[in-house]
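The primary structure of each chain is shown beneath.
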Amino acid sequence: MSELVLEIQDLHARVDAKPILRGVDLVIRAGEVHAVMGPNGSGKSTLANVLAGREGYEVTRGSVRFRGKDLLALTPEERARAGVFLAFQYPVEIPGVGNSYFMKASLNAVRTSRGQPPLDAIDFLALVKEKAKQLEMDQAFLNRSVNEGFSGGEKKRNEILQMSLLEPTLAVLDETDSGLDIDALRVVANGVNRLRSPERSVLAITHYQRLLEYLVPDHTHVLIGGRIAKSGDRSLALELEKRGYAWVEAEAG
Amino acid sequence: MSTSAAEAAFRKALEAPRPAEPARVETLRAEARQAFLAQGLPTTRHEDWRFTPLAKLDKIELGSPELVVTLPKNLPAGCTIAPLPSDSERSSLGVCGDPKRRPFEALNMALFDRGWQISIAPGTKLEQPIELWFDPRHGASHVRVVVEAGAGSRAVIVERHAGSGHAALINAVTELCVRRDAELSHVLVQELPESSLGFLTVLARQDAGSRLALHSIALGAALARVEVEARLEGEDASAELDGLYLGRGTQHQDHHTTIDHAMPRTRSRELFKGILDGRAHGVFHGRIHVRPDAQKIDAAQTNRALLLADGAVVDSKPQLEIYADDVKCSHGASVGQLDSDALFYLRSRGLGEPEARALLTSAFASEVLEKLPASELRAHIEKDLLGWLGGAR
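Residues numbered from 1 in each chain as written. Chains lettered and ligands numbered in written order. Predicted model: local features only at pLDDT ≥ 70, side-chain atom pairs only at ≥ 80, totals over all residues.

Chemist: How should the overall build of chain A be read in this particular structure?
Modeler: Within chain A, the secondary structure is distributed over 10 helices and 12 strands. Its C-alpha atoms give chain A a radius of gyration of 18 Å, near enough to 18 Å, the size a compact globule of 253 residues would have. Projecting the C-alpha coordinates of chain A onto the three principal axes gives extents of approximately 55 × 40 × 40 Å. Relative to its full complement of 253 residues, chain A shows a buried share of 45%. A sequence separation of at least 24 residues applies to 71% of the contacts in chain A between residues at least 6 apart. (Helix = DSSP H or I, 4+ residues; strand = E, 2+ residues; numbered from the N terminus. Rg over C-alpha atoms; globule rule 2.2 N^0.38 Å. Buried ≥ 20, exposed ≤ 12 C-beta atoms within 10 Å, placed from the backbone. Contact = placed C-beta atoms within 7 Å.)

If you want it as structure tokens, here you go:
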């Protein structure tokens, strides 16, 4: 069996004193793609934000280990440097911060922490242009402020661009497919597929199964009421698409 | 020394005998002396000084002034610098301003012993900025600059106040006479030591079709008051004022602006941004005055402040006095903290918290810095800003 990348055990978390996650168990090994599906309010985004270390998401019980280490003890930047990447559901607009400047600072922060030399401006530019081209992104987006005035699809591409630069060990995609038309969905999914390797893992959180037509998961989980109610393979996603979530809820009691 | 002691010191300086000067100058000095004696130093009971107490005057030894001035070495063709006061017919000294309303302007006119008039010949377009550097080292220095920007000329003046670490006071008044269709950019850079005080006044009179851009960058001083008055006295004249003020520790940064729309179809824009840390105090008072019959006015004013610490304070006071009816006038003010979503976004990409905060803070400032006319100067100020951000915590 390949290396354990993520081990979530009995994870409970609350937001504004309201319990959202109520005992999540999930194990992801190197090279695997896991899809987490579930109805609105089931805790999907909370799970993503807890993994990334967002303020306001309070873990009340359980543990999360990333490559054997306590992930919850790390700051958001330490998680990023260790190889966890969250593709945001709503990427933040940051006026006044150049997209290219930001991505270079980010990549070099991660590289430095890994003992690699920082890239200079010329090498970085060559790299980012190549990655942007793969994502069919206009280079003009590199010179604009981070996400400012980007359309929904452009923001998501920009997330995947950052992911492809940082080459994380674990990529968490928080509804990356929402708001994308079918062409953009294909480009974004291909960007993620390009990153797939025996060393990398993906946790794709989604409301719809259409992303999974392009990004084929090894495992599918259904999150209901803050717990994984059912796990299966790719066919589970198709079944959910056809039958909805009510039968899983009924099965889970 | 309390402020009353400071006032006594100024009064004493006003009584000291002066060498004989040209009649016109002596008249200006006498009027200014009377104006100061009549009003004295302002207190916070004075509406224009409500948010700026002058208690920090007691930290400064006001006697034995020492001021190092660096003037531009090579003047381009069409540009001259002549010392003030002068009895020359062409001197524009005292053309702008009103000492009765501004005690430090009055003190300056009565007491300045160093000054220069920069004249730009009509039609001259200068490529390089003209830079003046004032380094007050001790005591209270009063210095005056008059800029005579001839019709159709174009120039950038950089007035820099930066010192080498002594507690001193500088009271500088700059008069800008912007003639018909001239384009003048004035950059006021205040990087005084954090033990010093700065009273920096810029008074502009603009003829028809002229354009003034005033950029104020205030980083230093224990207390600094930048006072700007732009009088739009010709049709189609426009004034654009912007500023960036930074404060940390117990620094006090005050900007007090007045735009006088005296003629129809004049336009003004103001954008001021403050970044305040520690227990710093920022003040922005923006007065827009539209005179009767000055129709088709277009004026907009914005002041935004970023507070990096709980103890930092900003007072923002727009003051619109509109006596014409066909005008477009807007103002807006906001005070806030760094956006926590943006902070998390940057950190989730591996940037450390201090680095992420510095990046967002300089992004807030960039809107003002982008307006600076000289790229070399902008790079210099950006570097100073990053240094400031590194030391702000």
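Chemist: Whenever I open this one, the interface of chain B and chain A confuses me. Can you help?
Modeler: How big an interface is tends to be expressed through the accessible area that disappears when the partners come together. Listed by partner, the interface residues are 17 residues for chain B and 19 residues for chain A. Its residues assigned to classes, the side of chain B that touches chain A shows seven nonpolar, five polar and five charged. (Nonpolar A, V, L, I, M, F, W, Y, C, P; charged D, E, K, R; others polar.)

Chemist: Help me out: how do you make sense of helix α6 (residues 152-166) of chain A in this one?
Modeler: Residues spaced three or four apart along an α-helix face the same direction, because each turn holds 3.6 residues. Residue and element names in this part refer to chain A. An ideal rise of 1.5 Å per residue puts 21 Å on 15 residues; α6 measures up with 22 Å between its terminal C-alpha atoms. Of all the 15 residues making up α6, 12 are buried; the element is thus mostly covered by neighbouring parts of the structure. Inspection of α6 places Lys 155, Lys 156, Arg 157, Asn 158, Glu 159, Ile 160, Leu 161, Gln 162, Met 163, Ser 164, Leu 165 and Leu 166 among the buried residues, and these make up the whole buried set. In this structure, the buried residues of α6 make contact with β6 (84-87), α3 (99-113), α4 (121-134), α5 (140-143), β9 (170-174) and α7 (182-195). Where α6 ends, the next residue or the one after it, Glu 167, has phi of about 45°, a positive value. (Expected span 1.5 Å × (residues − 1).)

Chemist: What exactly am I supposed to notice about the sheet that holds strand β2 (residues 18-29) of chain A here?
Modeler: In any sheet, the strands associate via hydrogen bonds between backbone groups, in a parallel or an antiparallel arrangement. All names here are of chain A. A sheet is described by the order of its strands in space; here four strands give the open sequence β2-β1-β4-β5, paired in antiparallel fashion. The open sheet has two edge strands with one neighbour each: β2 and β5 (69-70). Relative to strand β4 (residues 57-66), strand β1 (residues 4-15) runs antiparallel, the two being bridged by eight bridges. Across the sheet, residue Ile 8 finds its bridge partner in β4, namely Val 64. (Pairing = 2+ DSSP bridges.)

Chemist: Just checking my understanding: could you explain the packing of α4(A) against α6(A) for this structure?
Modeler: Packed helix pairs are characterised by how far apart their axes lie and by the angle those axes make with each other. Residue and element names in this part refer to chain A. Two elements in contact, α4 and α6, have axes separated by 10 Å at closest approach and are oriented at 130°. One way to sum up the angle between α4 and α6 is to call them oblique. In the packing of α4 onto α6, the handedness of the crossing is right-handed. From α4, Leu 127, Val 128, Lys 131 and Ala 132 reach across to α6, where they touch Leu 161, Ser 164 and Leu 165. Broken down by class, the residue content of the contact of α4 with α6 amounts to five nonpolar, one polar and one charged. (Axes fitted to C-alpha atoms, helices over the stretch in contact; angles between N-to-C directions. Parallel < 35°, antiparallel > 145°, perpendicular 65-115°, else oblique. Left-handed = near helix turned anticlockwise from the far one by under 90°.)

Chemist: How should the environment of A:Gln9 be read in this particular structure?
Modeler: Residues and elements named next belong to chain A. By the element assignment, Gln 9 lies in strand β1. Considering only alpha carbons, one finds Gln 9 and Asp 25, 16 residues apart in sequence, at a separation of 4.7 Å. Apart from the residues within four sequence positions on either side, Gln 9 is in contact with Asp 25, Gly 62 and Ser 63.

Chemist: Help me out: how do you make sense of the sheet that holds strand β10 (residues 211-218) of chain B in this one?
Modeler: Residue and element names in this part refer to chain B. The strand order across the open sheet formed by nine strands is β1-β4-β6-β8-β10-β12-β14-β16-β18, and the pairing between neighbours is mixed. In this open sheet, the two edge strands, each paired with only one partner strand, are β1 (66-70) and β18 (327-336). In this sheet, adjacent strand axes meet at a mean angle of 10° when their direction is disregarded. Note: strand β12 (residues 238-247) against strand β14 (residues 267-276), 10 bridges, orientation parallel. Of the residues in β14, the one forming a bridge with Asp 242 is Leu 271. Where helix α5 (residues 353-369) meets the sheet, its contacts fall on β12, β14 and β16 (297-307), and the angle it forms with β14 comes to roughly 155°.

Chemist: Explain the pairing of strand β8 (residues 183-191) of chain B to me, please; I cannot follow it from the model alone.
Modeler: All names here are of chain B. Of all the nine residues making up β8, seven are buried; the element is thus mostly covered by neighbouring parts of the structure. Summarising the sheet, strand β6 (residues 154-162) and β8 pair through nine bridges and their orientation is parallel. Along β8, the bridge assignment pairs Val 156 with Ser 185.

Chemist: How do you make sense of the packing of helix α2 (residues 23-39) of chain B against helix α3 (residues 103-111) of chain B when you look at a structure like this?
Modeler: All names here are of chain B. At their nearest, the axes of α2 and α3 sit 8 Å apart, and the two run at 140° to each other. Judged by the twist between their axes, the crossing of α2 over α3 is left-handed. Listed contacts from α3 to Leu 28, Arg 29, Ala 32, Arg 33, Ala 35, Phe 36 and Gln 39 of α2 are Pro 103, Ala 106, Leu 107, Met 109 and Ala 110. A class-by-class count of the residues in the contact of α2 with α3 yields nine nonpolar, one polar and two charged.

Chemist: Whenever I open this one, the pairing of strand β12 (residues 227-232) of chain A confuses me. Can you help?
Modeler: Both faces of the sheet carry side chains from a regular strand, because those side chains alternate between them. All names here are of chain A. Pairing geometry for strand β11 (residues 219-224) and β12, over five bridges, is antiparallel. If you follow His 221 over to β12, its bridge partner there is Ser 231. Hairpin connection of β11 to β12: two residues between the antiparallel strands, including Gly 225 at a positive phi of 55°.

Chemist: I would appreciate a short explanation of the nonpolar core in the present structure.
Modeler: Soluble globular proteins: nonpolar side chains tend toward being buried together. Residues A:Val172 and B:Leu176 are the most contacted members of the largest nonpolar core, which totals 178 residues. Setting aside residues no more than four positions away along its own chain, A:Val172 makes contact with A:Ala48, A:Leu51, A:Ala52, A:Val84, A:Phe85, A:Leu86, A:Ala87 and A:Leu203. (Core = buried A, V, L, I, M, F, W, Y, C linked by C-beta atoms within 7 Å.)

Chemist: It is not clear to me how unusual backbone geometry should be interpreted in this structure. Could you clarify?
Modeler: Glycine aside, residues mostly have negative phi angles, and peptide bonds mostly take the trans form. Residue B:Pro85 is reached from B:Leu84 by a cis peptide bond, and omega for that bond is -5°. Phi at A:Arg67 is positive, roughly 50°, even though this residue is not glycine. For A:Arg67, the location among the structural elements is in the loop between β4 and β5. Phi is positive for B:Asp236, which is not a glycine, with a value near 65°. Along the chain, the position of B:Asp236 falls in the loop between β11 (223-232) and β12.

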